[in-house]
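Fold and geometry: a report
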Amino acid sequence: MDGATMPLRLASLVLASLPLVALAQNDPVEDLLAKMSLEEKIGQLSQLSIQNTLTGPVIDQGEPTQMPVTLVGSVLGASSAQATRQLQEQVINGSRLRIPLLFAYDVVHGFRTVFPVPLALASAWDPDLAQRTARVAAIEATASGVHWTFAPMVDISRDPRWGRVVEGAGEDPFLGSALAAALVHGFKGSGAPDISSMLATAKHFVAYGAAEGGRDYNVADLSERTLREVYLPPFQAAVAAGVDAIMPAFNELAGVPMNSHTALLTGLLRKQWGFAGLLVSDFNAVWELGPQGIAATPADTARLAFNAGVDIEMASQSYRQHLPTLVRNGQVSRKNLDDAVRRVLKAKQRLGLFDDPYRYSDEARERASQLTPQHRALAREAAQKSIVLLKNNDALLPLSKQPGKVLVVGSLASDASATIGPWAGAAHPEDSVTVLQGLRNALAPGTQITYLPGASPISQHLQDITLVEKVARDSDLIIAVLGETAEQSGESHSRADLGLPGGQIALLGSLLKTGKPLVIVLMNGRPLVLDASVQQAHALLETWFLGSETGNAVADVLFGDVNPSGKLPMTFPRHVGQIPIYYAHKNTGRPPSGDGSYASAYIDVPWTPLYPFGFGLSYTSFSYSSPRLSHTRLASTQTLGVEVTVTNTGKRAGDEIVQLYLRDDVASVTRPVRRLRGFRKIYLAPGESRSVSFSLDQRDFALLDEHFSPKVEAGSFTVFVGPDSTTTNQAHFEVSDKRQLPIPGQSVPVAVLD
Ligand code: NOJ
């Protein structure tokens, strides 16, 4: 009688009588654990970067060294089927227990096909689109043998000086949470795991975006309320979406480095949120506990990080060097060590690597899956939807495809490496369509296009400026591509001056003198401070860094094949001195109004942003009805229906991103002037109207009281529905009763730090 024919009762009797250890031996993970030496276990908790294993040094007790790949559990940076297979072979053939490696890579916004940088993609306000881009990124990366991405980056950022704003979804936790969940789903894939499923990592936990002064790696020091209300929700959303790993950040939070933050790593993530995945340090971050000033020796860094909850050490080698002794002398528990190793082995098991360690490294699949026409089509769609129209005087845009003589100017117009942004490791810039190429592709044959760089973001030097002025005077249209190079944002690339760098403002001065119609196409990785001369252009298009299909998508929008629909996910300041500036600020006792005297304002610069969160124009126009509410008074357990009618009042079809904000008018603690609580993208033909409905419930009404207990308080609320965060289109309602919560779901982080 085999298992399939054995009656159920008998089968359970047999199972019950088997010794536990026999059951454990059927589980390859437990089986392996039982066979592993202490050093082999610790090897699974060490991750090397490929440069370290093959060509370059790793930091080992502060000294650069090299080490064989057979001693580690995962490798960062191998990105081809051939390289991953070779490394895997070394481990499978050269180690006692033949435990396969995990290959990790920063697949942030695409792999070979590059999608818009995350800040750009956030401008599309389209979680489904984000999910589709992550899916394609995973399909391409996994074919090259990559199992694990260090994405999504879900750091909220309200300081555009910080170079890494380009990697995240901007300033808002609601939009950020929606995108975090979508990206996790995209990387993992839906349904049963297959060879295109990738482990996803939410990073950088937590408050990395609150780096003081916007200076990368700097300390963060913020209130528990801000931590819970602003910085934690996207991580909670990622955990709820099934994220496989979380990366503690480089920063400290109020004196405690994140890589040794027991309360947040073990207390909050593991115990309260029930996160069972991997905790992987950032690059050398365990070792950095030394310079941060809480570890006297490398052994202390290993002890502090491991005991706080960091499973895997990336790059530096304190674990490999010191955990053996720390375990032997009882400063690190064997049980905790086994738990961490078990998490690593289970991740490998989930990916099927114990069945076939090479299943992801497939050169044929790699060739067939990368940069396919379908992937490029998605890159173009994503790029089109990420573009934000900031200004369009006298409806200069869309342009005719026969615009007369065109001058294209600015070095970024032909800079392929700028199209892919600062973090697109496996991309080849030459696969990208530059803005110049995109314009050439789109303009009618025979159109006279002159391209002159004129100026670049990295030099004050003006190139052939007399010629530029002459051609400009002789042109019917000027398209200036201005902004930042890819290297001017991203990790370790914070800026204190957010103006257009290099000679670009001088170039712009020359162009403006001609009085010719001028369109500025911005390429940049952060909100910029756009000085008065930029404001004098007739049209302004924010295109961020749009990826492989940059030029085609820019041309699609400039010439009206696509009507722009993006909205800013981050506030644009007028002046760097306004930072931090964000829409969900507090009212204060002296809100700015009138002439601003003795109010919370500045005497030299308006307090308002240049472009607010949620802002973006279209080639058509939309009108909104007043919000209609299902109740004007309701119990905290009831759901409020909110409905508006949106009408396309212009002559072109277009998408509109309808945004809902909520204000708690009076509460026991001060609340933001408004918080985003819903958004919906709708398509409307000219003249068409559509009603858009939202529902709000206790998760939206709730707050954390002064003791950080979640509750709904009775009282009045204002709901705003409109095209951006400044809308005054509003209605009022009242919640009639108080209610103590835990809240089902995840809208408010209900965690309590201990
Ligand atoms: C450092 C970065 O902070 C992190 O985001 C990245 O995942 C790692 N390096 C690995 O490349």
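Calculation notes
- Residues numbered from 1 in each chain as written.
- Predicted model: local features only at pLDDT ≥ 70, side-chain atom pairs only at ≥ 80, totals over all residues.
- Heavy atoms only, no water.
- Helix = DSSP H or I, 4+ residues; strand = E, 2+ residues; numbered from the N terminus.
- Rg over C-alpha atoms; globule rule 2.2 N^0.38 Å.
- Buried < 20%, exposed > 50% of the residue type's maximum accessible area, 1.4 Å probe, protein only.
- Contact = heavy atoms within 4.5 Å.
- Areas by Shrake-Rupley, 256 points an atom, 1.4 Å probe, with all protein chains shown as cover.
- Lys, Arg positive; Asp, Glu negative; His and termini not counted.
- Charge placed at Lys NZ, Arg CZ, Asp CG, Glu CD.
- Near = heavy atom within 4 Å.
- Polar contact = N/O pair within 3.5 Å; in protein donor to acceptor, adjacent residues only side chain to side chain.
- Nonpolar A, V, L, I, M, F, W, Y, C, P; charged D, E, K, R; others polar.
- Phe/Tyr/Trp six-rings, centres within 6.5 Å; stacked < 30°, edge-to-face > 60°.
- Core = buried A, V, L, I, M, F, W, Y, C linked by side-chain atoms within 4.5 Å.
- UniProt positions renumbered as here; feature names shortened; annotations may be inferred.
- Salt bridge = Lys/Arg side-chain N within 4 Å of Asp/Glu carboxyl O.
- Axes fitted to C-alpha atoms, helices over the stretch in contact; angles between N-to-C directions.
- Left-handed = near helix turned anticlockwise from the far one by under 90°.

**Here we look at the overall build of the protein chain**
- Looking only at helices and strands, the protein chain features 24 helices and 30 strands.
- Its C-alpha atoms give the protein chain a radius of gyration of 27 Å, near enough to 27 Å, the size a compact globule of 754 residues would have.
- Referenced to the eigenvectors of the C-alpha coordinate spread, the extents of the protein chain come out at roughly 85 × 65 × 60 Å.
- Residue burial in the protein chain is summarised as follows: out of 754 residues, 59% are buried.
- Sequence-distant contacts, at least 24 apart, represent 79% of the contacts inside the protein chain between residues at least 6 apart.
- Per element, the accessible surface of the protein chain, about 27900 Å² overall, is 52% carbon and sulfur.
- Charge separation in the protein chain, taken as the distance between the mean sites of 65 positive and 73 negative side-chain charges, equals 3 Å.

**Points about the site of the ligand**
- If you check the shell around the ligand, you find 13 residues, and the closest are D106, R164, K203, H204 and D282.
- One of the side-chain N or O atoms of K203 is found 2.9 Å from an oxygen atom in the ligand.
- The side chain of D282 places a nitrogen or oxygen atom 2.5 Å from an oxygen atom of the ligand.
- Within the complex, 93% of the 290 Å² of free accessible area of the ligand lies under protein.
- Classifying every residue of the shell around the ligand gives seven nonpolar, one polar and five charged.

**What to know about the packing of aromatic side chains**
- Under the defined criterion, the tally for this structure stands at 18 aromatic pairs.
- Centroid distance Y208 to F250: 6.2 Å. Interplanar angle 65°. Geometry classified as edge-to-face. Taken as a pair, Y208 in the loop between β7 (201-205) and α10 (224-231) and F250 in the loop between β8 (245-248) and β9 (252-253) lie far apart in primary sequence, 42 residues in all. Both residues of the pair, Y208 and F250, count as buried.
- Look at F701 and F733: their rings are 5.6 Å apart centre to centre, the planes differ by 55°, and that puts the pair in the tilted class. You can see F701 sitting in helix α24 (residues 698-701) and its partner F733 sitting in strand β29 (residues 730-735), a full 32 residues away along the chain.

**A few points about the nonpolar core**
- Membership of the largest hydrophobic core comes to 190 residues, with the highest contact counts inside it found for W148, F205, V206, Y319, L323, L511 and L558.
- With eight residues, helix α9 (residues 173-188) is the largest single contributor of residues to this core.
- Residues in contact with L323, not counting those within four places in the same chain, are I42, L45, A302, F306, S318, V332 and L337.

**Thoughts on the UniProt feature "domain: Fibronectin type III-like" (unreviewed entry) in the protein chain**
- The UniProt feature table records "domain: Fibronectin type III-like" (unreviewed entry) at residues 656-725.
- Helix and strand shares over residues 656-725 are 6% and 57% respectively, and the end C-alpha atoms of the span are 14 Å apart.

**Some words on the pattern of salt bridges**
- A full pass over the atoms with the stated rule returns 38 salt bridges.
- The partner of R161 in a salt bridge is D159, with the nearest N and O atoms 2.7 Å apart.
- By sharing partners, the salt bridges in this structure join E30, K335, D339 and R342 into a single network.

**Some details on the packing of helix α8 (residues 127-143) against helix α17 (residues 373-386)**
- Packing of α8 against α17 brings their axes to within 11 Å, and their N-to-C directions diverge by 145°. You can see that α8 and α17 cross each other, and the crossing is left-handed. Note on element contacts: α17 touches α8 through H375, L378, E381, A382 and K385, opposite L129, R132, T133, V136, I139 and E140.
- Here the contact of α8 with α17 is built from residues that sort into five nonpolar, two polar and four charged.

**Focus: the side chain of T419**
- Counting through the fold element by element, T419 comes out in helix α18 (residues 416-419).
- Side chain to side chain, T419 and S432 meet in a polar contact 2.8 Å long.
- If sequence neighbours within four positions are ignored, T419 has contacts with S432, V433, T434, M523, F545, L546, G547 and T550.

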